[in-house]
Amino acid sequence: MVHIKRIDIRGFKTFYKKVSIPLDPGFTVVTGPNGSGKSNILDALKFSLGELSARELRGGSLSALIHKSGTETARSAHVAVQFDNSDRKIPVDSDLVTVSREFSTGGEGIYRMNGRRLSRKQAQDILSSADIQVTGFNLIAQHSITRLAEISTEERRRILEDLIGLGVFETKKAEAKVQLQEADINLKVAASKVDDVRTNIERLERERNDLLRSKMIQKEIDNQQALILSSQILSFQAKRETAFHNLENEQKNLEVLRQQRNELTAQRAKVETERRHYEEHTVTQGNQVLFDVERKIAEASNGLVKARAEAEAARNILNTRVRQLESLQKQGEDIQNNTKELMATIKTLSGRKRDLEDHFQEANTRAEKLNTTLRNTRDSLSKDAETQEALDAEIRAIESELSGLIASSKGARPNCKSSPDP
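The following refers to the structure shown. Only a predicted model underlies this, so the values are computations on that prediction, with no experimental measurement involved. Every chain begins its residue count from 1, and numbering advances along the sequence as written. In view of the model being predicted, local features appear only for residues whose pLDDT reaches at least 70, and side-chain atom pairs are presented and counted only at 80 or more, with totals across whole chains, interfaces and linings using the full set of residues. With hydrogens and water set aside, each side-chain value is computed from the structure's full complement of heavy atoms.

Now for the side chain of S48. Under the DSSP-based scheme used, a helix requires at least four consecutive residues in state H or I and a strand at least two consecutive residues in state E, with every element numbered from the N terminus. Checked against the element boundaries, S48 lands in helix α1 (residues 38-48). Contacts: residue pairs with any heavy atoms within 4.5 Å of one another. Ignoring anything within four residues of it in the chain, the contact list for S48 reads V79, V81, V99, R101 and Y111.

Structural data, given as structure tokens:
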């Protein structure tokens, strides 16, 4: 028969440190003064079996079950119950089965059976096989006897069914009915979706057939493309062989052309050498001719400068003579004016005629001299103009000769830069 062998409590209500309570055969009662924690042992047993109601455990909340005192506070409440399972009523292949529950301050509850973690429902299902339930009458709390005397026959019948194990089946029956109703609802929902699924299946079938047909056509296209590519490869190979043959012929022709190029290069170098020798000889002769021409140009330039200086001097003399002529003309005009005045004076002063005849004669003589001087000056100016024209003609002849010499020097040395005119 399954029975409790030991209870380990740590951090639960008044038990701060770990306390182990062995329940050996013949152990019947736990005694002690009020407030010593006797009822907390029963609460710890219910806690380990999965009780969720803080009221049933005589606490304000589950977090209030964790030990708290003025100086000491536990991190979690832990209770482990060890059962004797020699007759294997609990479906676990072990003589001892330890069920534990730990509740931390964060609100997380952890259930273990023989050290293996599992859920609350799994633990209760396994223990229910041995009629161990947190709501059963294996555990009788305070005032339960008085409540049994006051309950109705229907409630008493349910209690008896729980004691003999029928209550578990009723619970499972109710759960099965709920599951059956849910299954009926799911079946109706599934039946309503059958048409949609059938339509989808038909559509997928058509798409599958289209895909298979497309794959078959694509395979045929790939085969045809492979044949086309194969024929193109053969054609390219033939063209490549022809190109290689043509390349060999072109390489041979290229070698011949290279030889011809080398020969032409040698001939070109020979011609260049001869041309340089000829140019050096021609340049030497041209330099001598150029030197003679430049010397003649220098002499002509000197003559030109001298002629220009003489022409400039002649121009200056001519300008001087022109100014003198202008002065004489002015003096002649003044004399004529004076003569007019004298004639008027003679007409007016006939009495002084004899006195003035000498003056008049002198004036006439002076006028004749001035006229003679004027004629001589005009003749001299004419001669100077002729001299200037002769000098200009000589300058033009020298410039023409100089231009001819420059042109001949350029023709004698076409590759040499001519010197500028001095």
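Strands are treated as partners if at least two bridges between them are detected by DSSP. Strand order in the open sheet made by the 6 strands is β2-β1-β3-β4-β5-β6, with antiparallel pairing throughout. Lying at the two open borders of the sheet, with one neighbouring strand each, are β2 (19-22) and β6 (116-118). For this sheet the average axis-to-axis angle between neighbouring strands, irrespective of direction, equals 20°. Helix axes are fitted to C-alpha atoms over the stretch in contact, other axes to C-alpha atoms as well, and angles between N-to-C directions run from 0 to 180 degrees. On top of the sheet, α1 reaches β1 (3-10), β2, β3 (76-84), β4 (96-104) and β5 (109-113); it is set at about 85° to β3, its chief contact.

Attention now moves to the side chain of S100. Structurally, S100 can be placed in strand β4. Sequence-distant contacts of S100, that is, excluding residues within four places in its chain, are made with H78, V79, A80, I110, Y111 and R112.

Okay, α1 next. Taking burial as the measure, the 11 residues of α1 include 8 buried ones, the bulk of the element. Three or more residues of α1 are buried, namely N40, I41, D43, A44, L45, K46, F47 and S48. Considering only its buried residues, α1 is in contact with β1, β2, β3, β4 and β5. For the exposure calls, accessible area comes from a 1.4 Å probe over protein chains only, and a residue counts as buried if that area is under 20% of its type's maximum, exposed if over 50%, partly exposed in between.

Right, let's get into unusual backbone geometry. One non-glycine residue, R58, lies in the positive phi region at around 60°. Among the secondary structure elements, R58 is positioned in the loop between α1 and β3. Its identity as a non-glycine residue notwithstanding, N114 has a phi of 55°, on the positive side. Positionally, N114 belongs in the loop between β5 and β6.

Another aspect to go through is the pattern of salt bridges. A pair is scored as a salt bridge if a Lys or Arg side-chain nitrogen falls within 4 Å of a carboxyl oxygen belonging to Asp or Glu. A complete count under the given rule lists 13 salt bridges for this structure. One salt bridge in this structure joins E56 and K46, with 3.6 Å as the shortest N-O distance. Of the two residues, E56 sits in the loop between α1 and β3 while K46 sits in helix α1, which places them 10 residues apart along the sequence. Residue E272 is joined to R275 by a salt bridge in which the shortest nitrogen-to-oxygen separation is 2.7 Å. Within this pair, E272 and its partner R275 are both found in helix α6 (residues 194-348), separated by 3 residues, close to a single helical turn. On the basis of relative accessible area, E272 is assigned to the partly exposed category, the value being 27%.

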